[in-house]
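# A look at the structure
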Amino acid sequence: MRKPISKFMLMFLAVFYILISSKCMNAFAQTSILQGKDLTGIVIDKNNKPLEFVSVNVNDPGLTSTTDSKGRFSFNGISRGSYILTFKLSGYAPRSLGINFTGNDTLYSITLEESLIEIPVIDVTGSFNASEISKSTFSITELTGRTITKSRSQNLAETIQNIPGISNVSTGTGIGKPVIRGLTSQSVLVIHDGVKQESQSWGDEHGPELSLFDLDRIEILRGPASLVYGADGIGGVINVISKPLEFSNKKRPVYYGGFTLGGFSVDKQYFTNGTLGLGTKNFGLKGHFGYRKSENTMTPEGTLTINTPDGTKEIQGGELFNSASKELEGGVNLGLSGNFGMVNLGFELFDRELQIHQDPLEDPEATPNQKVQTKQFSFESNFNISKKFKLEPVLSYQLQTRKEFESIEDKDAGREALHLDLKTFDGALKLHHELISKVSGTFGVSFNRQDNKTLAEEKLIPNYYANTLGVFLMEKLDLDEITITAGARFDTKKLNIEETVFETDSAGNSLRTLSRQSLIFNALSGSFGMVFIPSEYLNIFANIGRGWRPPSEFELFVNGVHEGTGRYERGLKTFNPLAEPKPEASINFDFGIRLNYKQLSIQLSAYRNMVNNFIYPSITGDTIDGLPVFNIKQDKSTFYGYEYSIQYQPVKWIVLMAAGDYVNTLNNATDYPLPFTPPMKNMFEVKLQKQSMGKLLNPYIKAGAKVVSAQNNVDNLEAKTSGYTLLNAGIGFDLSLAGSIASLDLSVDNLANVKYTDHLSRYKGYAMNPGRSFNLQLNLPFRL
């Protein structure tokens, strides 16, 4: 009876949400206070010259527009209420503007200052409502649209790994797992357009599966985010936000889109992506399609002496056999916008095939590989109940299939070593309110349902289904010089393990069976933060937050060979079936300063994160079937460190940048650092850029260096790694074309072709990191 009840429950919730939505659209639109008006304005420079091609966004409704040749922008059908507008144009300092829109015929005038300094202006990740960055109590960094096109790499983690506080657990160039302040896997949440990504992230070679094209920005929040997003996210959140649908402010529809072409020489990768969209006054439609394909990765020729747990050894450079990949991605979005608010329906497909390079000394012809497919259906909406209340229902349904094969021949024959089939339903209902002047907040409930089937011979995790329910409240007091935020959340998760046969004999008889059982995890999380703004140039923030994460099914019950990682793993309850594992529970203290004064920008932050019952894989020094054995353990652990970012523009056409981070980890039970602790890194860059050169817009040339220190603070069974310095360079420009801004970017990574192994590389014991790579990206947007 479990499955019919489950399906009925999910169908009921979905119908309930849709009924709320339809009632809102029909009833709210009739309320006189919600009759929409046009929000219009003009964007100029300091000489009162209109600025064309400025991207203007109204957050929360998720509306976007672009200024015309007269610098004008317009949004139709905007209800009365409080909004934050953002303005971005390459070569100018971004701006945000908080307004209380009354519906009167007000023409907003915004002046943008020329600047090469890139800073975030808004925070949509740290709370349920968007806020200006100067009033955020969290440590926030963002990559915006044009910056993304310059730095877009081969996966999400590689794209953001040079942001202070962020690192990358890499498996060649194909797989990257983001690390925030020393925490990774399920301790780091990846959100895509409001939906938590479920990608079996407990696996070292299981990376986020989402498109890096058609993005508006990537926001990174450093620190616990359980208050907003529930379980997981003890380390932080990576919020990937697509470009919103566009709607026409004229009688005729607007047609828009773009094409992207590019490649990376280090693995002979090429990629292409196309986006097409149309918008009328109240209806929007957009679709995208992308394809990537790479060959084997190249490392510098020659040999390199490295450390191993058993001593030193030499590894050989050159081509990494069996390291190619390909992926297919696409999606479509359908939206309705009006004075009632907005409704958005979406579908995303991500299909990837990856080859995993193995130690050539063990088996030089090994060809393990994996196939991963993710489908996501989403329903997002935002309804204006009144001037003081907004209702936001969000639904998503994800289907993920992961297959791993021991060889290419097995893949061709359909012989799976691992086959996981995961279905996730996620829903939340949020009521945003502004009860009195200067006080606003959000109350809501959330529900998550997961069903997993382990279908192949290799059973890393059991069959299970789990239900998680959460309730939360967050409030913000916004005064002239002080902003205070506070909130609390309660979550409960019930994990139901189904009987699973882990091992059989040659006759098919069970040798090891996991019996049916249930586990319940409860947690209270929260956050309290404050920002002090002594002047318009300076704000000082502090935050204390509590996060939580239940042990994953893998961490609880794994007991076997994991072909994707090349090791034998044993879970928490594998050792002791009577054990009562506890959720991770963290207390994080954060303090930071943001200074933006004329041609200088400084961002500093320091933190201390104490995690009780921290879950981590620990190498034992033993081997089974020739593979190293890792035990999943729990101990109290401590993380502390800092991040900094400095940008200085001494003259109009030069900007100097320096950024870096440091993290120290400690397993309090052993007095050793935790495995895979990121080494300290510092990055330096100089960029020369002009407003225009003939018909070229924002032509630039840049050069930089990334200096990574040796990692000598390691677990007693982990090898030390040497430091290294990587040089990089880039050149590019923009061009006005087809009613939009096209761009061309050429860059070089590892310019000196340095031989090195990164401490967070999963190949570090037998292969170098990638060598020199020439990268080209051409972006051709259009707007008609």
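Residue numbers restart at each chain and count upward from 1, following the sequence in its written direction. In view of the model being predicted, local features appear only for residues whose pLDDT reaches at least 70, and side-chain atom pairs are presented and counted only at 80 or more, with totals across whole chains, interfaces and linings using the full set of residues. Side-chain calculation: all heavy atoms of the structure are included, whereas hydrogens and water are not.

## Comments concerning the overall build of the protein
This is how it is decided: In this text, helices come from DSSP runs of H or I with a minimum length of four residues, and strands from runs of E with a minimum of two, each type numbered from the N-terminal end. What the globule rule says is 2.2 Å times the number of residues to the power 0.38, and the radius of gyration is computed from C-alpha atoms. Partly exposed residues are those whose accessible area sits between 20% and 50% of the maximum for their type, while under 20% is buried and over 50% is exposed, using a 1.4 Å probe and protein chains only. Any pair of residues with heavy atoms lying within 4.5 Å of one another is described as a contacting pair. For every accessible area listed, the method is Shrake-Rupley and the probe measures 1.4 Å; residues are considered covered only by the protein chains on display. His is not counted, nor are the chain ends, whereas Lys and Arg count as positive and Asp and Glu as negative. Think of each charge as sitting on NZ of Lys, CZ of Arg, CG of Asp or CD of Glu.
Within the protein one finds 7 helices and 45 strands. Taking 784 residues into account, the globule formula puts the C-alpha radius of gyration at 28 Å, and the protein, at 26 Å, falls close to it. Seen along its three principal axes, the alpha-carbon backbone of the protein occupies a region of about 80 × 60 × 50 Å. A buried classification covers 58% of the 784 residues belonging to the protein. Here the analysis covers contacts within the protein between residues at least 6 apart in sequence; of these, 65% occur between residues at least 24 apart. For the protein, the accessible area works out to roughly 31900 Å², and carbon and sulfur atoms hold 57% of it. Considering the protein, the positive charge centre built from 78 side chains and the negative charge centre built from 82 side chains are found 7 Å apart.

## A short note on a positive patch on the surface
Keep this limit in mind: Patch construction takes residues with relative accessible area above 30% that form no salt bridge. Like charges are linked within 9 Å, and nonpolar side chains (Val, Leu, Ile, Met, Phe, Trp, Tyr) are linked within 5 Å. By convention in these notes, a salt bridge is any Lys or Arg side-chain nitrogen within 4 Å of a carboxyl oxygen on Asp or Glu.
On the surface, Lys37, Arg80, Lys387 and Lys388 cluster together into a patch of positive charge. Tracing the chain through its elements places arginine 80 in the loop between β4 (72-78) and β5 (81-88).

## Notes on the pairing of strand β21 (residues 311-316)
Going by this rule: Any two strands are treated as partners once DSSP identifies two or more bridges connecting them.
As paired elements, strand β20 (residues 303-308) and β21 share 6 bridges and run antiparallel to each other. Its bridge partner being in β21, leucine 304 is matched across the sheet by isoleucine 315. A loop of 2 residues connects β20 with β21, the two strands running antiparallel in sequence.

## Some remarks on the side chain of asparagine 57
Filter applied, for reference: Identification of polar contacts relies on pairs of N or O atoms within 3.5 Å, with a donor-acceptor requirement for protein atoms, meaning one able to donate a hydrogen and the other able to accept it, and with residues adjacent in sequence counted only if both atoms are side-chain atoms.
If you trace the backbone, asparagine 57 turns up in strand β2 (residues 55-58). Among the residues examined, asparagine 57 registers a relative accessible area of 7% and is labelled buried. Looking at asparagine 57, its side chain comes within polar contact range of the side chain of threonine 64, at 3.3 Å. Here asparagine 57 is in contact with Leu63, Thr64, Ile84, Leu85, Thr86, Asp216 and Pro244, once residues within four sequence places are set aside.

## What about the packing of aromatic side chains?
Which entries qualify depends on this criterion: Only centres within 6.5 Å qualify two rings of Phe, Tyr or Trp (six-membered ring in Trp) as a pair; their planes then separate them into stacked at under 30 degrees, edge-to-face at over 60, and tilted for everything else. Only when the NZ of Lys or the CZ of Arg is both within 6 Å of the ring centre and within 35 degrees of the ring normal is a charge said to sit over the ring.
For the coordinates displayed, the defined rule picks out 14 aromatic pairs. Note on tyrosine 763 and tyrosine 766: the rings are 5.7 Å apart at their centroids and 40° apart in plane angle, and the pair reads as tilted. Here the two residues tyrosine 763 and tyrosine 766 agree in accessibility, since each one is buried. Feature note: the residues Phe73, Phe75 and Phe87 constitute an aromatic cluster, connected by ring pairs. In this arrangement the basic side chain of lysine 150 is found over the ring face of tyrosine 700, its NZ or CZ atom lying 4.5 Å from the centre.

## Side note on the pairing of strand β36 (residues 584-597)
Where strand β33 (residues 538-549) meets β36, 12 bridges bridge the pair, whose relative direction is antiparallel. What sits directly across from glycine 545, in β36, is asparagine 588. The antiparallel pairing of β36 with strand β37 (residues 600-624) creates a hairpin that spans 2 residues between the two strands, and lysine 598 there sits at a positive phi of about 50°.

## What to know about the sheet that holds β2
This is how the line gets drawn: What counts as an axis is a line fitted to C-alpha atoms, over the stretch in contact for a helix, and the angles between N-to-C directions run from 0 to 180 degrees.
The strand order across the open sheet formed by 4 strands is β3-β2-β5-β6, and the pairing between neighbours is antiparallel. Each edge of the open sheet carries a strand with a single partner, namely β3 (63-66) and β6 (95-101). If you compare each strand with its neighbour and ignore which way they point, the axes differ by 20° on average. Bridge analysis of β2 against β5 gives 4 bridges, and the strand direction is antiparallel. Each bridged residue has a counterpart across the sheet, and for asparagine 57 the counterpart in β5 is threonine 86.

## Overview of the confidence of the model for the protein
Stated formally: The quantity known as pLDDT measures the predictor's confidence residue by residue, on a range of 0 to 100.
Confidence in the prediction for the protein averages 88 pLDDT; 95% of positions are at 70 or higher. Averaged pLDDT values for the elements of the protein fall to 49 in helix α1 (residues 2-27) and rise to 97 in strand β40 (residues 681-689). Per-residue pLDDT stays below 50 along residues 27-34; that stretch engages in 19 contacts with residues further than four places along the chain or on separate chains.

## Things to note about unusual backbone geometry
Of note, the phi angle at aspartate 232 is positive, near 80°, even though the residue is not glycine. On the secondary structure map, aspartate 232 appears in the loop between α4 (226-229) and β16 (236-242). Aspartate 232 sits in the buried class, given a relative accessible area of 13%. Non-glycine residue asparagine 322 carries a positive phi angle of around 60°. Relative to the helices and strands, asparagine 322 is located in the loop between β21 and β22 (325-338). Taking relative accessible area as the criterion, asparagine 322 reaches 3% and is therefore assigned buried.

## Observations concerning the nonpolar core
Note the threshold: Within this scheme, the nonpolar core is defined by two criteria: the residues are buried Ala, Val, Leu, Ile, Met, Phe, Trp, Tyr or Cys, and they are joined through side-chain atoms within 4.5 Å.
Ranked by size, the top nonpolar core spans 26 residues in total, and within it Leu39, Phe73, Phe87 and Leu112 carry the most contacts. Residue assignment for this core shows that the elements contributing at least two residues are β1 (37-44), β2, β4, β5, β6 and β7 (107-111). The residues touching phenylalanine 87, leaving out its near neighbours within four places in the chain, are Val43, Val54, Ser55, Val56, Phe73, Pro94, Arg95, Leu97, Ile110 and Leu112. Leu420, Leu460, Ile461 and Trp548 belong to the second largest nonpolar core, which has 24 residues in total.

## Re the pattern of salt bridges
If you walk through the whole model with that rule in mind, you get 30 salt bridges. A salt bridge links aspartate 590 to arginine 181, with the shortest nitrogen-to-oxygen separation between them at 2.8 Å. A residue pair is termed long-range when its members are at least 10 positions apart, and aspartate 590 in strand β36 and arginine 181 in the loop between β12 (175-180) and β13 (188-192) qualify at 409 residues. The same class applies to aspartate 590 as to arginine 181, namely buried. The closest approach of N and O atoms between lysine 681 and aspartate 661, which form a salt bridge, is 2.5 Å.

## Digging into the environment of lysine 453
With respect to the element layout, lysine 453 can be found in strand β27 (residues 439-454). For the pair lysine 453 and threonine 500, spaced 47 residues apart in sequence, the C-alpha to C-alpha distance is 9.6 Å.

## Quick look at a nonpolar patch on the surface
Judged by side-chain polarity, Tyr648, Val651, Trp653, Leu656, Val686, Leu688, Ile701, Ile731, Leu746 and Leu776 come together as a nonpolar surface patch covering roughly 820 Å² of accessible area. Structurally, leucine 746 can be placed in strand β44 (residues 740-749).

## Section: the sheet that holds strand β14 (residues 195-196)
Note on sheets: strands pair through backbone hydrogen bonds, and any given pair is parallel or antiparallel. The mixed open sheet is built from 5 strands, whose spatial order is β10-β15-β16-β13-β14. Looking along the sheet, the strands with just one partner apiece sit at the ends: β10 (139-144) and β14. Here β10 pairs with strand β15 (residues 215-222) via 6 bridges, running antiparallel. Bridge assignment links leucine 143 to a residue of β15, and that residue is isoleucine 218.

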